[in-house]
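Fold and geometry: a report
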Amino acid sequence: MGNMTLNLSVWRQKNANSLGEMVPYIVSGISPDMSFLEMLDKLNEDLIRREESPIEFDNDCREGICGMCSLVINGVAHGPKRATATCELHMREFEDGGTITIEPWRSKAFPVIKDLVVDRSAFDRIIASAGYVSLYVGEAPDANAVLVSKNSAERAMDAATCIGCGACVAACPNASASLFVGAKIAHLALLPQGQIEGKQRVTKMVQQMDEEGFGDCSNHGECEAVCPKAISISHIALMRKEYLKAILNPEDS
Ligand code: SF4
Ligand code: FES
């Protein structure tokens, strides 16, 4: 496949207080082997050369680890490829001459800062509320001293792969953060180290999630469909079970 030319329609917004709009751009000389973010880099080089302001977008690791990249591509959070973050997406997934719309995550709890960059500090505040183990547990024990079943270990590891990108919120019709919070609750609730503070952890994190303005989960499953780590919505069920246990028996937390 030769180099591609694409018609882009990109959300431009000067700052948090200004109105935004979709702006058309044509970008050419795009190799199908370029990543989506490299394609945007090329567009930005063209814009800078024309003395126009480049498009702001979040990114860091560019290998699916950090959770910074966050684009809604043709209406889908992280674009068309399942279990793939925006930074891992390649231009061969798109048609030469086609049109691509590029928008930021849209949710009240993730306000747009500029262009395609949103403020995801609501996630940080949820983690800061109780998403950790604060006990001093001494030296690392022998690996076989604390028994964990294979099933729990695998589920906990799956939950721990959440990179905190926020695509689950962007895709949910209620802008719910339940998949993110469910994953963070589950990866500790499934392991012995997470038990002692478990009830206060789930109570505080769910409360903080509500205070941040995220919506309720009504089991649409859009979150799981766009999650770059394919995190299962079964973690939301586990979070609800942990939350019920905590509010029904708070005294032994
Ligand atoms: S659950 Fe998936 S979509 Fe949501 S923040 Fe974590 S990695 Fe991103
Ligand atoms: S830039 Fe780090 S996950 Fe995409």
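Residues numbered from 1 in each chain as written. Chains lettered and ligands numbered in written order. Predicted model: local features only at pLDDT ≥ 70, side-chain atom pairs only at ≥ 80, totals over all residues. Heavy atoms only, no water.

Inspection of every chain in the model, using the stated rule, returns five aromatic pairs. Look at phenylalanine 36 and phenylalanine 94: their rings are 5.5 Å apart centre to centre, the planes differ by 45°, and that puts the pair in the tilted class. Within this pair, whereas phenylalanine 36 is found in helix H1 (residues 36–49), its partner phenylalanine 94 is found in the loop between strand E4 (76–77) and strand E5 (99–104), the two being separated by 58 residues in sequence. A ring pair is formed by phenylalanine 123 and phenylalanine 180, whose centres lie 3.7 Å apart and whose planes are at 5°; its orientation type is stacked. Of this pair, phenylalanine 123 sits in helix H2 (residues 121–130) while phenylalanine 180 sits in helix H5 (residues 178–189), and the two are 57 residues apart along the sequence. Assessed through its relative accessible area of 3%, phenylalanine 123 is described here as buried. Taken together through their ring pairs, the aromatic side chains of Phe110, Phe123, Phe180 and Phe214 make up a single cluster. When the ring centre of tryptophan 11 is taken as reference, the NZ or CZ atom of arginine 106 above it lies at 4.1 Å. (Phe/Tyr/Trp six-rings, centres within 6.5 Å; stacked < 30°, edge-to-face > 60°. Helix = DSSP H or I, 4+ residues; strand = E, 2+ residues; numbered from the N terminus. Buried < 20%, exposed > 50% of the residue type's maximum accessible area, 1.4 Å probe, protein only. Lys NZ or Arg CZ within 6 Å of the ring centre and 35° of its normal.)

Turning next to the domain arrangement of the protein. As far as domains go, the protein holds domain 1 (4–114) and domain 2 (120–252). A straight line from the C-alpha centre of domain 1 to that of domain 2 covers 29 Å. Across the contact, 21 residues belong to domain 1 and 20 residues belong to domain 2. When domain 1 packs against domain 2, close to 1,500 Å² is buried across both sides, 60% of that on carbon and sulfur atoms. Taken together, the connections running from domain 1 to domain 2 amount to one salt bridge. Arginine 120 is the salt-bridge partner of aspartate 58, the closest N and O atoms lying 3.1 Å from each other. Linking domain 1 with domain 2 are six residue pairs in polar contact (both at pLDDT 80 or more), by the criterion used here. Of the residues in the side of domain 1 that touches domain 2, the class split is eleven nonpolar, six polar and four charged. (Domains from an automatic or database assignment. Contact = heavy atoms within 4.5 Å. Buried area = accessible area lost by both parts, 1.4 Å probe. Salt bridge = Lys/Arg side-chain N within 4 Å of Asp/Glu carboxyl O. Polar contact = N/O pair within 3.5 Å; in protein donor to acceptor, adjacent residues only side chain to side chain. Nonpolar A, V, L, I, M, F, W, Y, C, P; charged D, E, K, R; others polar.)

Time to look at the pattern of salt bridges. Under the defined criterion, the tally for this structure stands at twelve salt bridges. Two residues, aspartate 41 and arginine 62, come together in a salt bridge whose shortest N-O distance is 2.8 Å. Note that aspartate 41 is positioned in helix H1 and arginine 62 in the loop between H1 and strand E3 (71–73), a separation of 21 residues in sequence. The class of aspartate 41 is partly exposed, set by a relative accessible area of 26%. Given a relative accessible area of 30%, arginine 62 falls into the partly exposed group. Between lysine 42 and aspartate 46 there is a salt bridge, with its nearest N and O atoms 3.2 Å apart.

Taken together, the neighbourhood of ligand 1 is formed by Phe123, Cys162, Ile163, Gly164, Cys165, Gly166, Ala167, Cys168, Leu179, Phe180, Cys227 and Pro228. Here the residues of the shell around ligand 1 are counted per class, giving ten nonpolar, two polar and no charged. (Near = heavy atom within 4 Å.)

Moving on to the side chain of serine 176. Summarising the element assignment, serine 176 is placed in the loop between helix H4 (167–171) and H5. Engagement of the side chain of serine 176 in a polar contact is seen with the side chain of serine 178, the distance being 2.8 Å. Ignoring any residue separated from it by four or fewer positions in sequence, one finds serine 176 in contact with Cys168, Val169, Phe214, Gly215, Asp216 and Cys217.

Below, the discussion takes up the packing of H2 against H5. Put simply, H2 and H5 touch, their axes get as near as 11 Å, and they point 30° apart. When the axes of H2 and H5 are compared, the pair comes out roughly parallel. The handedness of the crossing between H2 and H5 is right-handed. Contacts between H2 and H5 involve Phe123, Ile126 and Ile127 from the first element and Phe180, Val181 and Lys184 from the second. (Axes fitted to C-alpha atoms, helices over the stretch in contact; angles between N-to-C directions. Parallel < 35°, antiparallel > 145°, perpendicular 65-115°, else oblique. Left-handed = near helix turned anticlockwise from the far one by under 90°.)

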